[in-house]
2 protein chains.
Amino acid sequence: MSVSLDNLCVHTITTKPWGLDTAAQKYAAAGVKGMSIWRDAAQSFDGSIKAAGQMVRDEGLDIVSYVRGGFFPALEAADRQKAIDENKIIIDEATDLGAPLIVLVVGATPGQSLFESRQQITDGIAAVLPHAEAAGVKLGIEPLHPMYADSRSAVTTMAQSNAICEAIGHPYLGIALDVFHVWWDDQLEEQTKIAGEKNRLFAFHICDWKDQPEDMLNDRGLMGEGVIDIPQIRSWVNASGFTGYEEVEIFSNKYWAMDQDEYLNLIKQAYLKI
Amino acid sequence: MSVSLDNLCVHTITTKPWGLDTAAQKYAAAGVKGMSIWRDAAQSFDGSIKAAGQMVRDEGLDIVSYVRGGFFPALEAADRQKAIDENKIIIDEATDLGAPLIVLVVGATPGQSLFESRQQITDGIAAVLPHAEAAGVKLGIEPLHPMYADSRSAVTTMAQSNAICEAIGHPYLGIALDVFHVWWDDQLEEQTKIAGEKNRLFAFHICDWKDQPEDMLNDRGLMGEGVIDIPQIRSWVNASGFTGYEEVEIFSNKYWAMDQDEYLNLIKQAYLKI
């Protein structure tokens with residue numbers, strides 16, 4: 001059980017109706033310690049991205065990650081190069097923001113096999129890693145649920161994430177584990193252990209999978225509201241040596257529609273119960 | 001490419017607006033050779049299930065499978081026993097219908113781990129297999145997509161299906177492979193080969209996974225409309241020794257809303273192109 005909010009981080013997308021400055025003030029006032037900042041939130045801030053980062057830190061929050069880079073595969077080489085160039089820009093933005101990590105939603109391309117897409121993802125990540133290392137920004141592959149394998153992520157498991165990290169072998173490349181995406185995987189414990197042994201478990205995202213969600217994207221549940229045994233997965237994550245933030249990332253039409261102060265309180269209460 | 005309709009089977013659910021008798025007449029007139037009959041279609045027939053089977057055969061169609069049994073896991077032992085009893089009734093219905101195979105959607109129970117549910121599924125299947133063998137009806141585990149792991153199926157991969165078949169080791173137990181559910185799995189080729197070597201690949205279901213479906217249940221695509229490389233998967237299925245029907249099983253609010261004669265023609269055209 002979470003005995004305090006010391007490891008609690010919230011993603012800006014979780015409270016989407018709030019602008020970055022409101023979110024920062026509200027999170028800090030609520031005792032949340034970390035913030036993961038989505039690109040749209042950073043870019044909509046009234047000021048530079050550097051100023052956005054400073055504002056968040058001035059509120060007393062740690063910036064945990066910048067979300068998101070990736071989307072490397074494409075049918076045409078020119079489009080794959082565009083993705084590499086765009087990811088370098090995203091790395092520069094993370095530097096300005098002061099975010100130590102970029103979460104990668106790696107992409108997938110209808111019309112080519114997932115094997116081919118994973119090769120292109122490997123090549124794309126390898127191409128941007130020198131830029132990331134020079135910037136001091138790490139990259140975390142987030143395996144997505146197989147229901148997003150059509151066009152969002154050819155990487156659907158921790159095993160595939162570990163394989164890409166192993167193939168590239170770079171200390172700035174690791175994995176962002178989101179319980180929503182991988183809870184169903186019978187290799188989760190084993191592959192989390194491997195990620196820990198290789199010092200590549202960079203982030204831990206939490207929310208819940210509701211019993212029969214109404215929507216493939218925006219009906220995620222609060223921790224404890226669904227079928228995921230978060231304490232079990234957390235025990236594997238902790239056993240792997242992870243000591244970082246636990247990041248609440250919830251896409252939910254239902255929760256976005258409610259009063260966001262009340263919602264943030266629900267998040268805190270749910271967090272303290274898992 | 002399909003050079004004829006000789007291996008084409010259609011599930012009654014695919015043309016849900018049609019009653020069983022209309023479906024049988026229309027399929028036969030269209031040159032479809034096989035029909036897989038859903039329980040609701042059989043039960044809504046104006047006559048006994050035995051008469052329903054005879055009617056379908058009289059139209060010249062082979063009855064390929066009865067859909068569906070399963071849903072074995074439950075928190076309470078009494079409920080698991082109820083599921084076993086219900087599956088025996090389903091086996092008796094399949095006998096009356098003259099269906100050689102029952103497709104199993106094996107179930108999952110929120111509140112217990114998928115590992116525990118898979119053990120209960122194994123126990124439940126083992127408990128009904130003697131009844132199935134006596135009836136001459138085979139059982140095919142259908143691994144479902146991980147997006148249904150909350151409450152529909154703790155079995156999400158061919159590997160898990162093979163493991164349950166291996167643990168039980170009964171010639172009447174095998175696997176129903178549906179491309180919609182397993183297309184994303186990086187072990188699909190290898191596990192299909194294993195199923196073939198063990199003579200346990202009992203059924204092959206086809207449809208397509210659309211790029212970003214609108215609905216988790218009822219937005220399946222026609223073959224060729226989505227991202228699944230059906231010819232590739234078919235080549236693995238055929239290489240495993242499978243020579244049975246190719247069963248079109250599509251849940252689609254969009255297609256159910258259109259003229260079903262036109263839709264059946266689309267199914268035929270789509271089938272002849274893959």
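The structure reproduced in this document is the subject of the present report. Predicted model, so just to flag it, every value in this text is computed and none were measured.

1. Quick notes on the sheet that holds strand β1 (residues 8-11) of chain B
Residues and elements named next belong to chain B.
Reasoning step 1: Taken in spatial order, the eight strands line up as β1-β2-β3-β4-β5-β6-β7-β8 and close into a barrel, and their pairing is parallel. Looking at each pair of strands side by side, their axes are set apart by 30° on average, direction ignored.
Reasoning step 2: With three bridges joining them, β1 and strand β8 (residues 246-248) adopt parallel strand pairing. By the bridge assignment, Leu8 is partnered in β8 with Glu246.
Reasoning step 3: Across the sheet, helix α4 (residues 77-97) lies against β2 (34-38), β3 (62-70), β4 (101-105) and β5 (138-141), angled at about 170° from β3, the strand it touches most.

2. What to know about the packing of helix α8 (residues 188-197) of chain A against helix α9 (residues 230-239) of chain A
All names here are of chain A.
Reasoning step 1: Remark: α8 packs on α9, axes separated minimally by 8 Å, with the N-to-C direction vectors making an angle of 25°. On the basis of their axis angle, the class for α8 and α9 is roughly parallel. Of the two possible hands of crossing, α8 and α9 adopt the one that is right-handed. In this structure, α8 contributes Leu188, Glu189 and Thr192 to the contact, and α9 contributes Ile233, Trp236 and Val237.
Reasoning step 2: Considered class by class, the residues forming the contact of α8 with α9 number four nonpolar, one polar and one charged.

3. Considerations on the relation of the copies chain A and chain B
Reasoning step 1: Each copy superposes on the other: chain A lies on chain B with an RMSD of 0.0 Å after a rotation of 180° and an axial shift of 0.0 Å. In the structure described here, the two chain copies are related by an operation that fits a two-fold rotation axis.
Reasoning step 2: When you check the interface residues of chain A against chain B, 100% turn up at the interface there too, and the contact is symmetric in its surfaces.

4. Section: the nonpolar core
Most often, soluble globular proteins have nonpolar side chains that are buried together.
Reasoning step 1: Counting residues in each nonpolar core, the largest one holds 173 residues, and the members touching the most others are Ile125 of chain A together with Ile125 of chain B.
Reasoning step 2: If near-sequence neighbours (up to four positions away) are discounted, Ile125 of chain A is found in contact with Phe72, Leu104, Val106, Ile141, Ile164, Ile168 and Leu173 of chain A.

5. Observations regarding the pairing of strand β7 (residues 201-206) of chain A
Residue and element names in this part refer to chain A.
Reasoning step 1: Among the six residues that make up β7, six are buried, leaving the element largely enclosed by the rest of the structure.
Reasoning step 2: Inspection of the sheet shows strand β6 (residues 173-178) paired to β7 by four bridges, in the parallel sense. By the bridge assignment for β7, Asp178 is matched with His205.
Reasoning step 3: Both β7 and strand β8 (residues 246-248) contribute to a ladder of three bridges, which runs parallel. Directly across from Ile206, in β8, lies its bridge partner Val248.
Reasoning step 4: Between β7 and its parallel partner β8, the chain crosses via α9, and the hand of that crossover is right-handed.

6. Side note on the interface of chain A and chain B
It is common to report an interface's size as the accessible area lost on association of the parts.
Reasoning step 1: Listed as interface residues are 25 residues of chain A and, on the opposing side, 25 residues of chain B.
Reasoning step 2: Taken together, both faces of the contact between chain A and chain B bury some 2,100 Å²; the carbon and sulfur share is 64%.
Reasoning step 3: Together, Asp150, Trp184 and Met216 of chain A form the three largest contributors to the area buried by chain A at its contact with chain B, with a combined 26%.
Reasoning step 4: Put simply, chain A and chain B have zero salt bridges between them.

7. With respect to the side chain of Asn162 of chain A
Residues and elements named next belong to chain A.
Reasoning step 1: Positionally, Asn162 belongs in helix α6 (residues 158-168).
Reasoning step 2: Judged by its relative accessible area of 4%, Asn162 is buried.
Reasoning step 3: A distance of 2.8 Å separates the side chain of Asn162 from the side chain of Arg200, its partner in a polar contact.
Reasoning step 4: For Asn162, the contacting residues outside a window of four places in its chain are Ile175, Gln191, Ile194, Ala195 and Arg200.

8. Section: empty space enclosed by the protein
Reasoning step 1: For the coordinates displayed, the defined rule picks out one cavity of 30 Å³ or more.
Reasoning step 2: If you add up the space inside the largest cavity, you get close to 30 Å³.
Reasoning step 3: Every residue lining the largest cavity is listed: Met147, Phe180, Pro213, Asp215, Leu217, Asp219 and Arg220 of chain A together with Met216 of chain B.
Reasoning step 4: The class makeup of the residues in the lining of the largest cavity is five nonpolar, no polar and three charged.

9. Concerning the pattern of salt bridges
All names here are of chain A.
Reasoning step 1: The final tally for this structure, using the stated rule, is 22 salt bridges over all chains.
Reasoning step 2: The closest approach of N and O atoms between Lys254 and Glu225, which form a salt bridge, is 3.4 Å. Taken together, the residues Lys254 in helix α10 (residues 253-256) and Glu225 in the loop between β7 and α9 connect sequence positions 29 residues apart.
Reasoning step 3: Two residues, Arg234 and Glu246, come together in a salt bridge whose shortest N-O distance is 2.8 Å. Taken together, the residues span a long stretch of sequence, with Arg234 in helix α9 and Glu246 in strand β8 at a distance of 12 residues. The two residues Arg234 and Glu246 agree in class, both being buried.
Reasoning step 4: Beyond isolated ion pairs, a larger network of salt bridges with shared partners links Arg39, Glu86 and Glu93.

10. A look at the sheet that holds strand β4 (residues 101-105) of chain A
Sheet strands associate in pairs through backbone hydrogen bonding, adopting either a parallel or an antiparallel arrangement.
Residues and elements named next belong to chain A.
Reasoning step 1: In spatial order, the strands read β1-β2-β3-β4-β5-β6-β7-β8; together these eight strands close into a barrel with parallel pairing. Averaged over all adjacent pairs, the angle separating strand axes in this sheet is 30°, with direction ignored.
Reasoning step 2: Where strand β2 (residues 34-38) meets strand β3 (residues 62-70), five bridges bridge the pair, whose relative direction is parallel. Within β3, the residue paired with Met35 across the bridge is Ile63.
Reasoning step 3: Packing against the sheet, helix α4 (residues 77-97) makes contact with β2, β3, β4 and β5 (138-141), and its axis sits at approximately 170° to β3.
Reasoning step 4: Contacting β6, β7 and β8, α9 crosses the sheet at an angle of about 170° to β7.

Rules and cut-offs
Residues numbered from 1 in each chain as written. Chains lettered and ligands numbered in written order. Predicted model: local features only at pLDDT ≥ 70, side-chain atom pairs only at ≥ 80, totals over all residues. Heavy atoms only, no water. Pairing = 2+ DSSP bridges. Helix = DSSP H or I, 4+ residues; strand = E, 2+ residues; numbered from the N terminus. Axes fitted to C-alpha atoms, helices over the stretch in contact; angles between N-to-C directions. Contact = heavy atoms within 4.5 Å. Parallel < 35°, antiparallel > 145°, perpendicular 65-115°, else oblique. Left-handed = near helix turned anticlockwise from the far one by under 90°. Nonpolar A, V, L, I, M, F, W, Y, C, P; charged D, E, K, R; others polar. Least-squares fit on C-alpha atoms with pLDDT ≥ 70 in both. Core = buried A, V, L, I, M, F, W, Y, C linked by side-chain atoms within 4.5 Å. Buried < 20%, exposed > 50% of the residue type's maximum accessible area, 1.4 Å probe, protein only. Right-handed = clockwise from strand over helix to strand, strands pointing away. Buried area = accessible area lost by both parts, 1.4 Å probe. Salt bridge = Lys/Arg side-chain N within 4 Å of Asp/Glu carboxyl O. Polar contact = N/O pair within 3.5 Å; in protein donor to acceptor, adjacent residues only side chain to side chain. 1 Å grid on protein atoms, 1.4 Å probe; cavity = no way out; pocket = protein on both sides within 12 Å on 5 of 7 lines; lining within 4 Å. Points joined across faces, edges and corners; volume = space filled by probe spheres on them.

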